[in-house]
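Results of the structural survey
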Amino acid sequence: MLAAGWHYRTMSEPFDFDHFVAIPRLSGLKLSSDGRRLIVSVARPAPDGKSFRAAIWTIDADPAATDRPRRLTRSAKGESEAHFLLDGSVVFTSTRPDPDADPKAKRGGDKGAAAEDEPSAGLWLLPANGGEARLLIAPPGGVGGVRVAAGSGTLLFASNLHPAAESFDRDGEIESARKDAGIGAILFESFPIQFWDHYLGPRQARLFAADPPDPSASEIMDSEVDSGGNDAQAGGDAEAGSDDQAAEAAGSQLPKLRDLTGPTGTALIEPAYDIAADGSFVAATWRRHVVGSVGDDIVVIDRGTGERRVLTDGHGNYAEPAISPDGRTIACHRTTDGAPDEPATASTWLIDVSTGEGHNPAPDLDLWPHGPTWSVDGSAVFWLAERLGQVAILRLELATGDVAVLAHDGAYSDLCASPDGAWVYALRSTPLRAPHPVRVAARAASDAAGAVEELPFPGLGDSDLPRRGILERLSARADDGVQIESWLLRPADASPERPAPLVTFVHGGPVGAWSGWHWRWNPNLLVERGYAVLLPDPAFSVGYGQAFIDRGWARWHERPYTDVITAIDGALARDDLDSERTALMGGSFGGYMANWVAGQTTRFLAIVTHASLWELRGFHGATDDGWWWEQEFGDPYKDPSLYEEQSPSRNIGAIQTPMLVIHGERDARVPVSEALRLWTDLTRHGVEAKFLYFPDENHWILKPANSRLWYATVLGFLDQHVLGKEWVRPDLV
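None of the values given here were measured: they were computed from a predicted structure. (Residues numbered from 1 in each chain as written. Predicted model: local features only at pLDDT ≥ 70, side-chain atom pairs only at ≥ 80, totals over all residues. Heavy atoms only, no water.)

Before going further, it helps to examine the sheet that holds strand S14 (residues 258-259). Here we have four strands laid out as an open sheet, ordered S9-S10-S13-S14, and antiparallel in their pairing. Looking along the sheet, the strands with just one partner apiece sit at the ends: strand S9 (144-148) and S14. Of the pairings in the sheet, the one linking strand S10 (residues 155-161) to strand S13 (residues 204-210) comprises seven bridges and is antiparallel in character. Counted as the bridge partner of alanine 158 is leucine 207 from S13. (Pairing = 2+ DSSP bridges. Helix = DSSP H or I, 4+ residues; strand = E, 2+ residues; numbered from the N terminus.)

Once that is clear, we can look at the nonpolar core. Of all hydrophobic cores here, the largest spans 58 residues; its most connected members are Leu502, Leu584, Met593 and Leu682. Here the element with the most residues in this core is helix H7 (residues 589-598); it accounts for seven residues. Non-local contacts of methionine 593, meaning those with residues more than four positions away in its chain, are made with Val506, Trp556, Pro560, Tyr561 and Val564. In terms of nonpolar packing, the next biggest core, distinct from the first, is built from 56 residues, Trp487, Val527, Tyr531 and Phe717 among them. (Core = buried A, V, L, I, M, F, W, Y, C linked by side-chain atoms within 4.5 Å. Buried < 20%, exposed > 50% of the residue type's maximum accessible area, 1.4 Å probe, protein only. Contact = heavy atoms within 4.5 Å.)

Before going further, it helps to examine the pattern of salt bridges. Applying the stated criterion across every chain, the model contains 32 salt bridges. As a salt-bridge pair, aspartate 171 and arginine 203 come within 2.8 Å of each other at their nearest N and O atoms. Taken together, the residues aspartate 171 in helix H2 (residues 168-180) and arginine 203 in the loop between strand S12 (198-199) and S13 connect sequence positions 32 residues apart. Judged on exposure class, the residue aspartate 171 and its partner arginine 203 are both buried. Two residues, arginine 203 and glutamate 175, come together in a salt bridge whose shortest N-O distance is 3.9 Å. With arginine 203 in the loop between S12 and S13 and glutamate 175 in helix H2, this pair connects stretches of sequence that are 28 residues apart. For the pair arginine 203 and glutamate 175, a shared accessibility class is recorded, and that class is buried. (Salt bridge = Lys/Arg side-chain N within 4 Å of Asp/Glu carboxyl O.)

Before going further, it helps to spend a moment on the side chain of glutamate 79. For glutamate 79, the location among the structural elements is in the loop between strand S4 (70-71) and strand S5 (80-84). A polar atom in the side chain of glutamate 79 sits 2.5 Å from the side chain of serine 75. Apart from residues lying up to four places away in sequence, glutamate 79 is in contact with Ser41, Ala54, Ala55, Ile56, Thr73, Arg74, Phe92, Thr93, Ser94 and Arg96. (Polar contact = N/O pair within 3.5 Å; in protein donor to acceptor, adjacent residues only side chain to side chain.)

As for its position among the elements, threonine 657 is in the loop between helix H10 (641-645) and strand S37 (659-664). A residue is classified by how much of its surface remains accessible, and threonine 657, at 2% relative accessible area, is buried. Each C-alpha atom, one on threonine 657 and one on phenylalanine 604, is 6.9 Å from the other, the two residues being 53 residues apart in sequence. When neighbours within four sequence positions are excluded, threonine 657 is seen to be in contact with Thr601, Thr602, Phe604, Leu605, Ala606, Ile607, Val687 and Glu688.

Within this structure, the stated rule accounts for four cavities of 30 Å³ or more. By volume, the second largest cavity is sized at about 50 Å³. Taken together, Ile59, Asp60, Asp62, Pro63, Ala65, Asp67, Pro69, Leu455 and Pro456 make up the lining of the second largest cavity. A breakdown of the residues in the lining of the second largest cavity according to their chemical character gives six nonpolar, no polar and three charged. (1 Å grid on protein atoms, 1.4 Å probe; cavity = no way out; pocket = protein on both sides within 12 Å on 5 of 7 lines; lining within 4 Å. Points joined across faces, edges and corners; volume = space filled by probe spheres on them. Nonpolar A, V, L, I, M, F, W, Y, C, P; charged D, E, K, R; others polar.)

With the rule as written, the count across this model stands at 31 aromatic pairs. With centroids separated by 5.8 Å and ring planes inclined at 70 degrees, the aromatic side chains of phenylalanine 20 and tyrosine 711 adopt a geometry described as edge-to-face. Of the two residues, phenylalanine 20 sits in helix H1 (residues 17-22) while tyrosine 711 sits in helix H12 (residues 704-722), which places them 691 residues apart along the sequence. Overall, the relative accessible area of 4% leaves tyrosine 711 in the buried class. Feature note: the residues Phe15, Phe17, Phe20, Phe505, Trp514, Trp517, Trp519, Trp521, Trp710 and Tyr711 constitute an aromatic cluster, connected by ring pairs. (Phe/Tyr/Trp six-rings, centres within 6.5 Å; stacked < 30°, edge-to-face > 60°.)

Encoded structure:
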């Protein structure tokens, strides 16, 4: 039985935007402690088409099972961040209203005057045996980043509080006072002040831990929760006899709730953390900002005392800590500090919790691994790594240091290890297939891919996905002898008699690669229009070894640029592609490359540049954390030469190609000032150009209606300049 309200296309229907946006978007795969069920967040457009709405679905972990995937949650606000508790119940976050709350009460938000319109997420519990979900806690600053201890069920989550707030209740009072006074101002006293799409503050993230809720709590028990709440304390709880002030959580149904961190400043910007299986301690990234240096260390926080120890040495960057089942070791991703003459390197990293000593258990692995996931018995760590245009699953055997490739036939994510040690569950995608659930054999005898089995999910079958494109792997040799790899997606009917026009997409990063399905830059929509799309991995791309990254380090305008051109020339040697009808597109670093290409050659008929870098010296001072870029380009106050030499803006006088500039106002990573300067320079120099501006988007275009407009404008611009069609202005702009 197909899910109600979902459209499934027939083989004869075109893969247009309506079909593209209707594909279910899966994320956040989690496995139950008994290994029998999975849950996953599934996002679809809301009925009004203005946003995406997620719901939680369950999937049987056995591909041969007869039980079909079924939806567990439904609300107007949607649900996300779902996790199993040990008894099989599910916790999740949602901004849905509490049906038991006083209708006169207002749930707070973290966006000043918009709080009433944008309520913060609360933590909810869905019983294992069915029934309605109940609200566990809804602090004014919201709940996010939920984790569950594998052995004890201890809950860990983040919430945002004002620095002066000693409790959730006090935090709500401070926010209400700001709102009543009409104050939206923020006083900054340290760097940074922005992150991705928002200003930091006035609230700051803190970490909280709590015992799992009583799954048998009745309506009578719920009604007996005192309005004063659960007297969980900041840095301690009543049973621990702490002298700290009580951090009341009004209406909380989480026993022994503890504020583990107190005010954190900017230490928990985009934090990554894990909780030990027994719930006794937490491992978290802790950001340091020193003039000219930035990075995350790993700290451990004792749940009982709140004591915090720094395990790393204040150099490099540590990410994605994962605690071993016995609590003795932390696996994480480590990146060294870089400098203009010393490229950063990345590796697997294991840290002894008791001593802080760390080492690379796989020094011969010439990839940038990430996403560590422990086997349940602690004998191995599973990693993800970009590898030759895929994102592979690796198994690191701790006893021997051996690394095996378990699967490399797509882009994998969301790893879950089964309790019996036989399987790893994951989401897999390809350029032709959206993320879908699979299970992979947890051991492989060689470098060949092991057994991979798909778990059925509605809306992700072959007939629901694009079918017109043919995917191929291409290779071209650069002048230094290095092979430049690309994906080519071309129309099935492209031929020497009807060669397809070619559009090249340059990926972002710059440390990135093309692999898997893309929701924001999906080549299938262009293929449906008759274009072939080239997805090259130039110098700086991951998955080809450290030396390939080194080729582009601090020299964006050299090898990355020539590699892109090499890949294009190699593709155009085919007789089913039209060398006279070509265009180039890129976003973020890809947008930088699009701008650089525009100033170097007139061979392309059109260039699309999205969220792009234009003048690097000014970008350094406006981006959310310019110190990161100093590791590659140096201190611009001492020597701005690398910034100035590699700024596309210096070539404005040479640009003749029509350009489409796209940018979102809320982009703090590449501020909109870059687009405004680019647009002004193009206009003043008489270059034919258009500027598509999104006041309500950030680095990415996320809302369904805006995404539709993005594709309509891009395709209209390409059709005009590449195919020679008349320009048709998209509706409603």
